[in-house]
Amino acid sequence: MEEPATRTALREHSRAARFTSTSASAGDARATPASGPGARAVVHPRSRHATAVSCLPPWSRRSAVPPLTPYFVMRVGQTPLLPYAAPGDAGQARERERLPFPLRAALLQDHGPVVSGSVRAAVDAAVELEEVCAPVLALGDRPARLPTEEEAGEPAGRYGSCWGE
């Protein structure tokens, strides 16, 4: 039987493939909160766990999601919670531009995740974000053992994601 994450990745891969740098949607992609230089795809899966986490208070000022797994740190990196705005509001892109660090993903408050990059990288990061949000919800208010800044910084540096101050 096929894993849920695999089904999600395949479904989102086909959606994201429509957002190439040559499409009319590229302008829309550049205006989304998680798009950055070189982004060729934007994935907004409205996945269950990441959307639920977007309805919670953020873990920290810089990331709504804690570094529970090294895969999240490597493939996604800091994922801020951007303030609520109506879907399609250009103010969300301005919020991203105010952040003092590069961004692959963001959670839109009460709306869910948005991830950018190459088609494959955006899909992979969206899947990883969904995968790490499930244990965030399962842990609830219980304290989790998290890596130190140094422990999280090592895979982040090796894979080019942003983690830490």
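Located above this text is the structure these notes cover.
Residues numbered from 1 in each chain as written. Predicted model: local features only at pLDDT ≥ 70, side-chain atom pairs only at ≥ 80, totals over all residues. Heavy atoms only, no water.

### Points about helix α6 (residues 119-139)
- An ideal rise of 1.5 Å per residue puts 30 Å on 21 residues; α6 measures up with 31 Å between its terminal C-alpha atoms.
- Here α6 has its buried residues at V119, A122, V123, A125, A126, V127, E128, L129, E130, V132, C133 and V136.
- The first or second residue beyond α6 is G140, which carries a positive phi of 55°. (Helix = DSSP H or I, 4+ residues; strand = E, 2+ residues; numbered from the N terminus. Expected span 1.5 Å × (residues − 1). Buried < 20%, exposed > 50% of the residue type's maximum accessible area, 1.4 Å probe, protein only.)

### Section: the nonpolar core
- Counting residues in each nonpolar core, the largest one holds 26 residues, and the members touching the most others are V65, F72, L107 and L129.
- Of all elements in the fold, only β1 (41-43), α3 (48-53), α4 (70-75), β3 (105-108), α6 and α7 (149-159) reach the threshold of two or more residues within this core.
- The dominant element in this core, judged by the number of residues it contributes, is α6, at 10 residues.
- Other than its neighbours up to four places away in sequence, L129 contacts A50, V65, F72, V76, T79, A105, L107, P113 and V115.
- V42, L82, L103 and A106 belong to the second-largest nonpolar core, a separate cluster that totals 6 residues. (Core = buried A, V, L, I, M, F, W, Y, C linked by side-chain atoms within 4.5 Å. Contact = heavy atoms within 4.5 Å.)

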